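Chain by chain, the residues:
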Amino acid sequence: MSSTLVTNSRPANWKSAAPEALSGTLTYAGQTSLPRLPVPKLQDTLSRLKESLKPIAWSHSEYATIVDKIDKFAINQGPELQARLLKRASERPHWLEEWWDNAGYLGYRDSVVVNVSYYYGFDKHPAHLPQTPSARAACIARATLIFRQQLKQGLIKPESSKEGPFCMDTYRWMFDCCRVPHEGLDWSISYAKAGDMGDSTHIIVIRNNRMWKVDVTQNGRILSTQDIEKQIQYIYDNTLEDYPGVGVLSASNRDVWAKDYLELSSKPHNSQLLEAIHSSAFIISLDSSRPEDPIHHSRALWHGDVVGGVPVGLQNRWVDKPVQFVVFDNAYAGLMGEHSVMDGTPTARMCDDVLDMLHDPTFDHGSPSNSSPPLPTPMDWEVTSTITEAINHANRAARELVESQDLSFHLTSYGKAAIKTFGVSPDSWAQMIIQLAYKRLLGTNKRNGGTYEAASTRKFFKGRTEAIRVVTSESDAWVRSMDDKTATAETRKQLFDQATKKHVNLAKTAGQGQGVDRHLFGLKKLLQEGEEVPELYNDPVFARSSYWVLSTSAIFSKHFPVYGWGEVVPDGFGVAYMTGYDDRLQFTVTSRKEMPNAQYMREIAKAADDLYALHNEIATKARL
């Protein structure tokens, strides 16, 4: 096996190991014409920063103090740091990529479970297909293998907007790769091969904590759904008792996992198993849970069940894998995604395509092999007493993590169709609901953080995300009016329109790479040893503005009845929402148990009703 798996050194060039995209193909045709992520003008960023801090400051004097620090930065350290950043941007394809990989994700030391990973829950298996879990897993496997093959051959249509194609670079980190723990700073390893046409690979299937290597191609072709189903049923039939829960080690604190990883991989046999996991196209976890309702479906994907004090769900996972499907014993299914080198939009698109294939009655399930498909190979770990102790420790930590979390779910009685008739952006509508609900939750308490919404910067080469600073003076003014008994409906509507117009502009600006947070992050990274950190960065208002008490984002798939992720600060909420359904909005709120999770969701439900009632009242008056 490759010695890089067990080395104590992190390869400096790890990211270049994944083969470059196939230029000239349909998938990657636009890559060479994509612009580079810009470096905003310093004065523009500082002006936007000042504006974003007005509603965050607790007093006029607090705001005046931070403005003074910003102005000093603009004439002192700022110009030199800006010059350094412009020089860096001129010397590499993407000035932010390496910093963001490391600081945003790979250097994060808490468990990726809850804190980093996300989940997508799938709709029910199409009625025209067999309804067993083995059939569900096999269908997902074959369709995903076809997507992988098309991707490797450059046949996947690139994502795009009205402005042009999106960067498809991170798709290189969807299959045949894995995150690797390392003390202080992780990395990812790719086994993808240049020129591979997607016609040979294996997957890993986990059942009752036992891992199986499944060859899903034969003689240069992807096996049929029927053949893969036979393989998976063989795994069900031959994994009847529980095996050591080695997978739970990957759910630990990253430095703890790095230590356990070195111990695990010190055995040559285990190193071979690790290589098989890392090089697999993807993982399918056959989970013994039977979720029925949206909350259990969400939690069973997000972190798995805890039964009798044992985190049985996480024992049956390998959470470092970017694509890990989970199939439950009642044939419910979904995906758990590792977030570090690839954001959620590529996997959402992949899942959408896969599920579209399976809902199509004409989908090619392939012809069964003339000969029996290869039997899955069991991968049983060599478990030392040290590893047994590590598993026990990881079990306790995982149980505490899972039991520390709360989650609520809500569907509104109206959706995109109604919002559109009111002439409002559905995303801005949802964000204003979130703001109004949070203010009502706080009551007279002061806001101690900002609201993050992810904006895609994939219009740029290697672009990922920028932060939309959702809290604005305009949104605050509208929120106040909604509980001001003296405010008329017309006043509230006028303030709402101003707030949503501001939000739309902020979202557009962030998507153009002209946000605040990534730029200021880059400037700070270029401080040299011995140079003083500018006062701006240590100011409490500045710190508060990027303390994301509300971490929000929206994706859409008609196939995802549930999806979400965890909160990013201890006293905050993760708010996943969907605005794409005509007849409903979907909200999922996550938090620690000590937070008023259910109360916040009740406020979201009330705010959604109040916002609809406001617009309905205005529309009714207009018709009279």
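Okay, so let's go over this structure. The structure presented is a predicted model; accordingly, all values stated were derived computationally and were not measured.

## Quick look at the overall build of the chain
Scanning the chain from terminus to terminus reveals 21 helices and 20 strands. Each principal axis of the C-alpha atoms in the chain carries an extent, and together these give about 75 × 65 × 50 Å. For the chain, restricting intrachain contacts to residue pairs at least 6 apart in sequence, the fraction spanning at least 24 positions comes to 78%. Just so you have it, the chain exposes about 24500 Å², and 52% of that area is on carbon and sulfur atoms. Charge separation in the chain, taken as the distance between the mean sites of 69 positive and 74 negative side-chain charges, equals 4 Å.

## Topic: helix α17 (residues 489–511)
Its 23 residues give α17 an end-to-end C-alpha distance of 33 Å, which sits within 8% of 33 Å, the value for a rise of 1.5 Å per residue. When α17 is considered as a whole, its buried residues turn out to be Ala489, Arg492, Lys493, Leu495, Phe496, Ala499, Thr500, Lys502, His503, Ala510 and Gly511. Of the surrounding elements, those touching the buried residues of α17 are α1 (42–53), α15 (426–442), β15 (450–456), β16 (465–469), α16 (473–482) and α21 (597–623). Directly after α17, the chain includes Gly513, whose backbone phi takes a positive value near 75 degrees.

## Observations regarding the sheet that holds β15
Spatially, six strands are ordered β14-β20-β19-β17-β15-β16 in an open sheet, and the strand pairing comes out mixed. The open sheet has two edge strands with one neighbour each: β14 (405–411) and β16. Pairs of neighbouring strands in the sheet enclose a mean axial angle of 20 degrees, with direction left out of account. Bridge count for β15 against β16 is five bridges, and the pairing is antiparallel. Counterpart to Ser456 in the pairing with β16 is Thr465.

## A few points about the packing of helix α8 (residues 254–265) against helix α9 (residues 268–279)
In a pair of packed helices, the angle between the axes and the distance between the axes together describe the arrangement. With their axes 7 Å apart at the nearest point, α8 and α9 run at an angle of 120 degrees to one another. Relative to α9, the element α8 is oriented oblique. For the pair α8 and α9, the contacting residues are Tyr261, Leu264 and Ser265 in the first and Asn270, Ser271, Leu274 and His278 in the second. Its residues assigned to classes, the contact of α8 with α9 comprises three nonpolar, four polar and no charged.

## Some details on the packing of aromatic side chains
For the structure on display, the rule yields 32 aromatic pairs. Relative to Tyr234, the ring of Trp212 lies with its centre 5.9 Å away and its plane at 85 degrees, an arrangement referred to as edge-to-face. Placement of Trp212 in strand β7 (residues 210–215) and of Tyr234 in helix α7 (residues 225–237) is noted, with a sequence separation of 22 residues between them. Across from the ring centre of Trp58, 3.7 Å away, lies the NZ or CZ of Arg544, which sits over that ring. In this structure, Arg584 packs its charged tip against the face of Tyr581, placed 3.5 Å from the ring centre.

## Let's talk about the sheet that holds strand β1 (residues 118–121)
Read from one edge to the other, the open sheet built from eight strands follows the order β13-β7-β6-β10-β11-β12-β1-β18, with strand pairing classed as mixed. Taken across any chain shown, the strands that pair with only one partner, and hence form the sheet edges, are β13 (377–379) and β18 (562–565). For this sheet, the mean inter-axis angle between neighbouring strands, taken without regard to orientation, is 20 degrees. Bridging between β7 and β13 involves three bridges; their strand directions are antiparallel. Considered in β13, the bridge of Lys213 is made with Thr377.

## What about the nonpolar core?
Membership of the largest hydrophobic core comes to 86 residues, with the highest contact counts inside it found for Leu49, Trp318, Trp381, Leu520 and Leu536. Among the elements that line this core, the one with the most residues is helix α13 (residues 385–403), at seven residues. Apart from the residues lying within four places of it in its own chain, the contact partners of Leu49 are Ile70, Arg469, Val516, Leu520, Leu536 and Phe542. Tyr120, Cys139, Val323 and Met342 belong to the second largest nonpolar core, which has 56 residues in total.

What counts, and where the lines are drawn
- Residues numbered from 1 in each chain as written.
- Predicted model: local features only at pLDDT ≥ 70, side-chain atom pairs only at ≥ 80, totals over all residues.
- Heavy atoms only, no water.
- Helix = DSSP H or I, 4+ residues; strand = E, 2+ residues; numbered from the N terminus.
- Contact = heavy atoms within 4.5 Å.
- Areas by Shrake-Rupley, 256 points an atom, 1.4 Å probe, with all protein chains shown as cover.
- Lys, Arg positive; Asp, Glu negative; His and termini not counted.
- Charge placed at Lys NZ, Arg CZ, Asp CG, Glu CD.
- Expected span 1.5 Å × (residues − 1).
- Buried < 20%, exposed > 50% of the residue type's maximum accessible area, 1.4 Å probe, protein only.
- Pairing = 2+ DSSP bridges.
- Axes fitted to C-alpha atoms, helices over the stretch in contact; angles between N-to-C directions.
- Parallel < 35°, antiparallel > 145°, perpendicular 65-115°, else oblique.
- Nonpolar A, V, L, I, M, F, W, Y, C, P; charged D, E, K, R; others polar.
- Phe/Tyr/Trp six-rings, centres within 6.5 Å; stacked < 30°, edge-to-face > 60°.
- Lys NZ or Arg CZ within 6 Å of the ring centre and 35° of its normal.
- Core = buried A, V, L, I, M, F, W, Y, C linked by side-chain atoms within 4.5 Å.

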